Amino acid sequence: MAQIDETRKDWIKRNLTIRHNQLTREEARDWLRLMMADMESFLAHAIYGYLLQRISKEGTTRIPQAEVAEFCEEFILKIQLANRNIRITVSFPLFGLVGHDVLSKFGFMVAKPTALPGGAS
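As the structure is a computational prediction, the values presented were derived from the model and not from experiment. (Residues numbered from 1 in each chain as written. Predicted model: local features only at pLDDT ≥ 70, side-chain atom pairs only at ≥ 80, totals over all residues. Heavy atoms only, no water.)

Some thoughts on the side chain of R8
Part 1: When you line up the elements, R8 lands in helix α1 (residues 6-14).
Part 2: Here the side chain of R8 touches D30 through a polar contact of 3.1 Å, side chain to side chain.
Part 3: Setting aside anything within four residues of it in sequence, one finds R8 in contact with D30, W31, L34 and H45. (Helix = DSSP H or I, 4+ residues; strand = E, 2+ residues; numbered from the N terminus. Polar contact = N/O pair within 3.5 Å; in protein donor to acceptor, adjacent residues only side chain to side chain. Contact = heavy atoms within 4.5 Å.)

See below:
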């Protein structure tokens, strides 16, 4: 089971409402390094942020697995967009779920996942 790093945990708490285009390139690269080194830890941190965001907005901790899987796929895309410094007319909440339909309207192809990426559970 992946451990949540305290430093990253603090960063997530401070940046719960950050949008993908507000990430610095170094922050995006830091997330990518974590993803390449340890996908399970990367996803655990992403899900931690998503869960905190859901609790603050909706007061719920019950999230269907398919929704978590969709968020994980989106999170990877948002980190990649920030790293590539791709400027688009909209900005996506880093720890929020945008949805497949919205992303596809902007030309981003994100598969509708049924399981967590990388085989993590």
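Focus: the environment of Q53
Part 1: Within the element layout of this structure, Q53 appears in helix α3 (residues 39-58).
Part 2: With relative accessibility at 9%, the residue Q53 sits in the buried group.
Part 3: Along the primary structure Q53 and T17 are separated by 36 residues, whereas in three dimensions their C-alpha atoms are 7.7 Å apart.
Part 4: Every residue in contact with Q53, bar those within four places of it in the chain, is listed here: L16, F95 and G96.
Part 5: Within the structure, the side chain of Q53 is placed 3.0 Å from the backbone oxygen of F95, a separation counted as a polar contact. (Buried < 20%, exposed > 50% of the residue type's maximum accessible area, 1.4 Å probe, protein only.)

Quick look at the pattern of salt bridges
Between side chains of opposite charge, pairing is possible as soon as their charged atoms come close.
Part 1: Under the counting rule described, the total for this entry stands at six salt bridges.
Part 2: Where K9 meets E6, a salt bridge forms, and the shortest distance between an N and an O atom there is 3.9 Å. Here E6 and K9 lie together in helix α1, a separation of three residues that amounts to about one turn.
Part 3: Where E26 meets R33, a salt bridge forms, and the shortest distance between an N and an O atom there is 2.6 Å.
Part 4: E26 gets classed as partly exposed once you look at its relative accessible area, which sits at 46%.
Part 5: A residue is classified by how much of its surface remains accessible, and R33, at 46% relative accessible area, is partly exposed. (Salt bridge = Lys/Arg side-chain N within 4 Å of Asp/Glu carboxyl O.)

Comments concerning α1
Because the α-helix completes a turn every 3.6 residues, residues three or four places apart line up on one side.
Part 1: Those residues of α1 that sit buried are R8, W11 and I12. The buried side chains of α1 occupy one side of the element, clustering within an arc of 100° when seen end-on. Residues T7 and R14 are exposed on α1 and point more than 90 degrees away from its buried face.
Part 2: Each element contacted by the buried residues of α1 is listed here: α2 (25-37) and α3.
Part 3: Where α1 begins, the side chain of D5 points an oxygen toward the backbone nitrogen of T7, at a separation of 3.1 Å. (Arc of directions from axis to C-beta.)

Quick word on the environment of D5
Part 1: Locating D5 in the fold gives a position in the segment before α1.
Part 2: Judged by its relative accessible area of 39%, D5 falls in the partly exposed class.
Part 3: In sequence terms D5 and H45 are 40 residues apart; their C-alpha atoms lie 8.1 Å from each other.
Part 4: Polar contacts involving the side chain of D5 include one to the main-chain amide nitrogen of R8, which spans 2.8 Å.

Shape descriptors only; they carry no functional weight alone.
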